[in-house]
Amino acid sequence: MERLLLLRLRAIGCAAEVRLNDIPVARTPATGGSLSVPVHEYLLSGTNHLALLLDPPPQGAAIAPRLAGPGGLAAQARLLLPRIGHVGSELSARTLAELSLALPEGEIYQPPLAAQRSTELPISFPRWRWLDLPPVVDVAAAQPLVASFVQGLAIALAKGDPEPFIQGARLRFEELAVAYQKPVTELASRWRARIQMLFATKSLRMVLPALADVQLRPCAGGRLLDCVDASGQPILRTEPAPDGSRHAWPLRVGVIEGHCHVMR
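Just so it is clear, the model here is predicted, and its values are computed rather than measured.

Analysis parameters
- Residues numbered from 1 in each chain as written.
- Predicted model: local features only at pLDDT ≥ 70, side-chain atom pairs only at ≥ 80, totals over all residues.
- Heavy atoms only, no water.
- Helix = DSSP H or I, 4+ residues; strand = E, 2+ residues; numbered from the N terminus.
- Expected span 1.5 Å × (residues − 1).
- Buried < 20%, exposed > 50% of the residue type's maximum accessible area, 1.4 Å probe, protein only.
- Contact = heavy atoms within 4.5 Å.
- Polar contact = N/O pair within 3.5 Å; in protein donor to acceptor, adjacent residues only side chain to side chain.
- Core = buried A, V, L, I, M, F, W, Y, C linked by side-chain atoms within 4.5 Å.
- Salt bridge = Lys/Arg side-chain N within 4 Å of Asp/Glu carboxyl O.
- Pairing = 2+ DSSP bridges.
- Axes fitted to C-alpha atoms, helices over the stretch in contact; angles between N-to-C directions.

1. A word on helix 1 (residues 139-158)
Count 3.6 residues to each turn of an α-helix, and residues three or four apart come out pointing the same way. The end-to-end C-alpha separation of helix 1 is 27 Å, in line with the 28 Å expected for 20 residues at 1.5 Å each. When we look at burial in helix 1, the residues that qualify are Ala-142, Val-146, Ala-147, Phe-149, Val-150, Leu-153, Ala-154, Ala-156 and Leu-157. As for helix 1, its buried residues are in contact with helix 2 (163-168), helix 4 (184-200), strand 11 (215-219), strand 12 (224-228), strand 13 (252-256) and strand 14 (259-262). The distance from a side-chain oxygen at the start of helix 1 to the backbone nitrogen of Ala-140 is 3.3 Å, and the residue carrying that oxygen is Asp-138.

2. Comments concerning the nonpolar core
If you look at the biggest cluster of nonpolar residues, it comprises 79 residues, and the most contacted ones within it are Leu-7, Val-39, Leu-52, Trp-130, Cys-227, Leu-236 and Leu-251. With near-sequence residues (within four places) excluded, Val-39 lies in contact with Leu-5, Leu-6, Leu-7, Leu-20, Val-25, Leu-79 and Tyr-180.

3. Some points on the environment of Asp-226
Tracing the sequence through the fold places Asp-226 in strand 12. Sequence separation of Asp-226 and Arg-83 is 143 residues, and the distance between their C-alpha atoms is 32 Å. Of the polar contacts made by the side chain of Asp-226, one reaches the side chain of Arg-217; its length is 2.7 Å.

4. Comments concerning the pattern of salt bridges
Inspection of every chain in the model, using the stated rule, returns 15 salt bridges. A salt bridge links Asp-226 to Arg-252; the nearest nitrogen and oxygen atoms lie 3.9 Å apart. Remark: Arg-252 occurs in strand 13 and Asp-226 occurs in strand 12; sequence separation between them is 26 residues. Residue Asp-226 shares its accessibility class with Arg-252, and that shared class is buried.

5. Description of the sheet that holds strand 8 (residues 94-103)
Reading across from one edge, 4-1-7-8 is the order of the four strands in this open sheet, with antiparallel pairing throughout. Edge positions in the sheet fall to strand 4 (32-38) and strand 8, since each has one partner strand and no second. Averaged over all adjacent pairs, the angle separating strand axes in this sheet is 5 degrees, with direction ignored. Judged from the nine bridges that link them, strand 7 (residues 73-81) and strand 8 form a sheet pairing that is antiparallel. The partner of Leu-81 across the bridge, within strand 8, is Arg-94.

Put into structure tokens, the structure is as follows:
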């Protein structure tokens with residue numbers, strides 16, 4: 001599409017995570033980094049909430065105070081609306097919202113550091129299905145069901161079979177089609193072709209999680225469950241390639257009448 005809203009995250013000396021409307025949408029490695037992601041499917045008409053977290057701990061973990069290392073640490077998140085015809089250009093983009101955090105070298109801090117703000121966006125979005133899900137009251141009770149679902153997806157991908165994911169993420173594909181004005185069949189076909197290509201080139205060496213490895217982080221006001229490992233990384237991912245790179249697929253699952261659905 002001509003107008004593509006992007007979330008740009010930069011971090012130095014720390015891991016940084018950005019949440020839009022309480023859904024984690026971008027995260028840098030522990031040493032920092034830079035990335036940009038389109039975020040239409042996380043945005044709402046009216047008020048939107050943006051949060052920036054530095055060194056977010058794993059779910060339920062107690063983190064000791066830390067000392068900012070050489071050069072200190074810093075992170076910045078910007079919600080950008082590029083000009084028509086300049087989708088990837090930050091210089092010509094309009095900044096719709098921005099958050100920054102920084103500490104000087106030698107400063108002692110207690111993770112996670114956090115900043116947040118609300119903003120009104122000049123663009124209309126549909127009412128996404130996850131907004132109408134009830135919050136998951138007992139996350140521990142939902143863990144076996146969700147873990148079995150996630151494990152099944154990982155096993156299918158390890159076999160080069162994309163269909164269980166496409167079926168489990170049907171609602172996600174439908175809303176991505178609305179968010180980016182693309183046919184559902186095109187999005188699903190592109191995802192299928194990507195998985196088949198990775199399998200054919202022996203790049204789809206999946207990490208197969210034990211059920212107990214699947215940890216759930218409530219997000220979207222408790223309506224969705226972010227499926228991660230003990231370090232907070234996406235549970236659905238490949239083993240590292242020789243160059244250290246890996247493929248990962250974040251999963252934010254909704255539980256509807258005892259069935260799991262990948263919503264985001």
